[in-house]
Amino acid sequence: MNKIIALIAAALLLSACATAPATQSEGLTFFHLNDTYRVGAVEDGTAGGFSRVVTLMREQQARGRDVRILHGGDFLYPSLESQLWDGLQMVDAMNFMDAVAHMYVVSGNHEFDRRGPEQLAAAVNASEFDWLGDNYRFRTGDESADSALRSGFTFQHGDKTVGIFSVTLHGDHGGNSRDYVEIDPDYLAVAERSIAALEERGADLIIGVTHVHMWTDVEMAQLKTKHPKLAFIVGGHEHEPQFYKMPNAALVMKGASNARVIWQIDVDFNNDSGYVVNESRIVLDEAIALDPEYEVLAAKWRRRLLEKFPFLEARVGMAAEKMDAREEIIRSTETSWGNFVADQMRGAFGDPQADLAFINSGTLRIDDYIEDDILFEDIGRTFGFSSFLRHTTLTGAEFKTVMEAGYRGGPESQGYFPQVSGFRVCVDRSRKEFDRIVSLQVPDGDGWKEIEADREYVVVVPDFLYGGGDGYDIPKDRFASRPASELKYLVLDAILRAQGLGKPVGEPVTPENRRHHSLREGKEPCFN
Ligand SMILES: [Zn+2]
């Protein structure tokens, strides 16, 4: 008898030792990531990746912190793997993380890439992490998936209640419009209602996990003046790190795509019901070890991928130089890889080549360098989804108007930023939107001349842009081809042909051959 009591007492003591520090005295640590499309890391495994996040999570847990993971959305699509598994490989990886520390996730627009609801329902049903949403509801017709989405979400940290509100992007603002998800575009009103409801339920700390444009997050951050429990908002959609800090506003943070840069946010409660927030931006590089257990999972998915695509690691050609296709770069300036891809578009419909072509850099998904040997995998990862092309004709004046959409908004990286071929363009970002192109020039013998306003030019664009995607408004009152000639194969073909001639592909971008120039202060000349 005594022995049993002693054992129970020992067990109680043990459990008290094991749980008390983690939940009570040691505070909360959040890790925030967003826009992740890979099970593994990028840049030959040297940058980003969930594995390094897991290492950081375990380190904080070892210090006794109560660790939670926040994900700002965009992970099911698009990627090479999502074409095979519809994002279930990402769900598996995120379930792994959730087993280490609870993970709370908002849907991004890419979770709704599929036209039908079945794949989303399957992903939600396979998820062990929590899907959060306050301005949207699933209407997939699958009851268990639809009811899995949590609104007004709270969790307990010791005797403290933490509330999370979540909003995602509406179709009118660059999101996907699908009949299996109902989205309220009034983000600010939803956020305020949700925060008030969380306050009423006694939340000690309120945070936002969002997938909207940065300016919307900044707007919502001002709600702190009326709702002091609102500590911070973390989000996704932008693929480069974002940080906003102003007096009387909540902090806003976003990381870089594929967990290249994430945020650690420590929250400590003090006795007079207040809290202290300490945020730090963490670059995930080789200094952070990979987690051995996670690596087993990563290797499993790599093996499965190679079973489906045994030719994935086959060498198809050579890069003449280190071609930059990292999203932060390719979404804000021209790069040699972007130029090479756009150049192939002009030949998509045979000879003679089209005059002009451009593509939104958001279509180029590899988020990596392409250097030395070009592998089939580099092509597969660049085109996470099929991109069929169309040709049509536009006058020079119309074309210039169309291109203005590519230079709207702020200078930070944007998926609609164009990679171009057959012309060069000079932009003054200090001018008002849709009036920023200072000069748009086409080749003229050995030189260049301003595009002719009244001349008709043959233009090749992805079907996505022809249909009005990414804010490009292409006139449709004349002949246009049907969508044809998949860009992935044009690019592959060009590399293979060069390889047959023993030639590498890609040209460095130099001051002499650049296609895009953004004026500083609007004073210097456009092109010399
Ligand atoms: Zn997004």
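Residues numbered from 1 in each chain as written. Predicted model: local features only at pLDDT ≥ 70, side-chain atom pairs only at ≥ 80, totals over all residues. Heavy atoms only, no water.

*Asks:* Please provide a residue-by-residue account of the overall build of the protein, values included.
*Replies:* Of the regular secondary structure elements, the protein holds 15 helices and 26 strands. Whereas a compact globule of 528 residues would reach a radius of gyration of roughly 24 Å, the protein reaches 25 Å, a difference of no more than 12%. When the backbone C-alpha atoms are referred to their principal axes, the protein occupies close to 100 × 50 × 45 Å. Going through the 528 residues of the protein one by one, you find that 56% of them count as buried. Roughly 22,400 Å² of accessible area belongs to the protein as shown, and the carbon and sulfur atoms make up 51% of that amount. Of the charged side chains in the protein, 55 are positive and 82 negative; the average position of the first set lies 0 Å away from that of the second. (Helix = DSSP H or I, 4+ residues; strand = E, 2+ residues; numbered from the N terminus. Rg over C-alpha atoms; globule rule 2.2 N^0.38 Å. Buried < 20%, exposed > 50% of the residue type's maximum accessible area, 1.4 Å probe, protein only. Areas by Shrake-Rupley, 256 points an atom, 1.4 Å probe, with all protein chains shown as cover. Lys, Arg positive; Asp, Glu negative; His and termini not counted. Charge placed at Lys NZ, Arg CZ, Asp CG, Glu CD.)

*Asks:* Lay out the packing of helix α2 (residues 50-62) against helix α4 (residues 88-100) in plain terms, naming residues and giving numbers.
*Replies:* It is at 10 Å that the axes of α2 and α4 come closest, and there the two elements cross at 10°. The angle between the axes of α2 and α4 places the two elements in the roughly parallel class. For the pair α2 and α4, contact is made by F50, V53, V54, M57, R58 and Q61 and by M90, A93, M94, F96, M97 and V100, respectively. Class assignment of the residues belonging to the contact of α2 with α4 gives a composition of ten nonpolar, one polar and one charged. (Axes fitted to C-alpha atoms, helices over the stretch in contact; angles between N-to-C directions. Parallel < 35°, antiparallel > 145°, perpendicular 65-115°, else oblique. Contact = heavy atoms within 4.5 Å. Nonpolar A, V, L, I, M, F, W, Y, C, P; charged D, E, K, R; others polar.)

*Asks:* Give a description of the confidence of the model for the protein that names residues and reports values.
*Replies:* For the protein, per-residue confidence averages 93 on the pLDDT scale, and residues scoring 70 or more make up 94% of the total. Low pLDDT (under 50) marks residues 1-25, which in the prediction has 14 contacts with non-local residues, meaning those over four places away or in another chain. (pLDDT = per-residue confidence, 0-100.)

*Asks:* Would you mind going over the sheet that holds strand β11 (residues 242-244) in detail, with residue names and values included?
*Replies:* One open sheet accounts for six strands, arranged β6-β7-β9-β10-β12-β11; its pairing is mixed. The strands lining the two open edges of the sheet, one partner per strand, are β6 (153-157) and β11. Strand-to-strand, the axes of this sheet are offset by a mean angle of 20°, without reference to chain direction. Relative to strand β9 (residues 205-211), strand β7 (residues 160-168) runs parallel, the two being bridged by seven bridges. Bridge pairing in β9 links V167 to T210. Contacting β6, β7, β9 and β10 (230-235), helix α7 (residues 187-200) runs over the sheet at an angle of about 165° to β7. (Pairing = 2+ DSSP bridges.)

*Asks:* Provide a residue-level description of the packing of α4 against helix α9 (residues 292-308), including the pertinent values.
*Replies:* The N-to-C vectors of α4 and α9 enclose an angle of 170°; their axes lie 11 Å apart at closest approach. What the angle tells us is that α4 and α9 run roughly antiparallel. In this structure, α4 uses L88, Q89, D92, A93 and F96 to contact α9, whose residues at the interface are E293, Y294, L297, K300 and W301. Taken together, the residues that form the contact of α4 with α9 break down as six nonpolar, one polar and three charged.

*Asks:* Explain the coordination of the zinc ion to me, and be specific about the residues and the numbers.
*Replies:* Around the zinc ion, the protein contributes the donor atoms D74 (OD), N109 (OD1), H211 (NE2) and H237 (ND1), at 2.0 to 2.2 Å from the metal centre. For the zinc ion, the four donor atoms in the first shell make angles of 83 to 155° at the metal, a pattern classed as irregular. Each donor residue of the zinc ion lies on one chain, and together they are spaced D-x34-N-x101-H-x25-H. With D74 in the loop between β2 (66-71) and α3 (82-85) and H211 in strand β9, this residue pair connects regions lying 137 residues apart in the sequence. Across this residue pair, the class does not change: D74 and H211 are buried. (Donors = N, O, S within 2.8 Å, 3.2 Å for Na, K, Ca; no water. Tetrahedral: all angles 85-135°; square planar, octahedral: opposite > 155°, others 65-115°.)

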